[in-house]
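Here is how the chains run, residue by residue.
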Amino acid sequence: MKQAFLSLGSNLGNRTEFLRIAVRKLKNTVGIEVIKESEPLNTAALEVTDQPDFLNQILKIETTFSPEELLEVALRIEKEMGRVREIEKGPREIDIDILSYDTIRMHTRGLHLPHHSLFTRPFIREILKQIQEDSLYERFSGDEYEKRT
């Protein structure tokens, strides 16, 4: 089993319910075990600001999936929950990002590990502190994204 951190966000409809559904779908996926689950945190949209606030949550998981397979699971759940990608970084029912996967650093067309938001979105650090996992930053100290912030 490999350890990964997932970031979940929703800013359309019943945000709390969308997060609950996504967490339940992840928990019901063979090959994923949710180890820790943060409380949801209300945050303002950062990049495209003319949209509703987000409700964000972080999960610490263990998984038998590879990073690419875990991404496929996340994208499948987003699609099942009605996410349509019309506006980049725009409003969405659910967003599931892989913040980190073990200590892997990789940058492919569809997957960047660690995820840039680990270093560019202050609420991520706040939520990680809440679940006593802020040492995640130390694992990637010196990472190229961290150098940009």
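Refer to the structure printed above.
A brief structural summary. (Residues numbered from 1 in each chain as written. Predicted model: local features only at pLDDT ≥ 70, side-chain atom pairs only at ≥ 80, totals over all residues. Heavy atoms only, no water.)

Right, let's get into the overall build of the protein. Check the secondary structure of the protein and you find six helices and seven strands. Traced from its N-terminal end to its C-terminal end, the protein shows the element sequence β-α-β-β-β-α-β-β-β-α-α-α-α. Across the 149 residues that make up the protein, the buried fraction comes to 48%. Taking all contacts inside the protein whose residues are at least 6 apart in sequence as the whole, residues at least 24 apart take part in 68%. Carbon and sulfur atoms make up 47% of the accessible area of the protein, which totals about 8000 Å². (Helix = DSSP H or I, 4+ residues; strand = E, 2+ residues; numbered from the N terminus. Buried < 20%, exposed > 50% of the residue type's maximum accessible area, 1.4 Å probe, protein only. Contact = heavy atoms within 4.5 Å. Areas by Shrake-Rupley, 256 points an atom, 1.4 Å probe, with all protein chains shown as cover.)

Pro114 follows Leu113 through a cis peptide bond whose omega is -5°. Its place among the elements puts Pro114 in the loop between strand S7 (112–113) and helix H3 (117–120). The phi dihedral of Asp102 falls on the positive side, at around 55°, and the residue is not glycine. Within the element layout of this structure, Asp102 appears in the loop between strand S5 (95–101) and strand S6 (106–107). For Gln132, which is not glycine, the phi dihedral falls at a positive 60°. Along the chain, Gln132 turns up in the loop between helix H4 (122–130) and helix H5 (136–139).

Attention now moves to the packing of helix H1 (residues 15–27) against helix H2 (residues 67–80). At their nearest, the axes of H1 and H2 sit 11 Å apart, and the two run at 135° to each other. One finds that H1 runs oblique with respect to H2. Helix-helix and strand crossings are classified by hand; for H1 and H2 the assignment is right-handed. Contacts between H1 and H2 involve Ala22, Lys25 and Leu26 from the first element and Val73, Ile77 and Glu80 from the second. A per-class count over the contact of H1 with H2 returns four nonpolar, no polar and two charged. (Axes fitted to C-alpha atoms, helices over the stretch in contact; angles between N-to-C directions. Parallel < 35°, antiparallel > 145°, perpendicular 65-115°, else oblique. Left-handed = near helix turned anticlockwise from the far one by under 90°. Nonpolar A, V, L, I, M, F, W, Y, C, P; charged D, E, K, R; others polar.)

Our next topic: H2. In this model H2 runs 20 Å from its N-terminal to its C-terminal C-alpha over 14 residues, within 8% of the 20 Å that 1.5 Å per residue would give. Remark: Gly82 follows H2 within two positions and exhibits a positive phi of approximately 95°. (Expected span 1.5 Å × (residues − 1).)

In this section: the side chain of Asn11. Secondary-structure assignment places Asn11 in the loop between strand S1 (2–10) and H1. Of note is the side chain of Asn11, whose polar atom sits 3.0 Å from the backbone oxygen of Pro52. Of note is the side chain of Asn11, whose polar atom sits 2.8 Å from the backbone nitrogen of Arg92. Setting aside anything within four residues of it in sequence, one finds Asn11 in contact with Gln51, Pro52, Asp53, Phe54, Pro91 and Arg92. (Polar contact = N/O pair within 3.5 Å; in protein donor to acceptor, adjacent residues only side chain to side chain.)

Geometric values such as these leave the question of function open.
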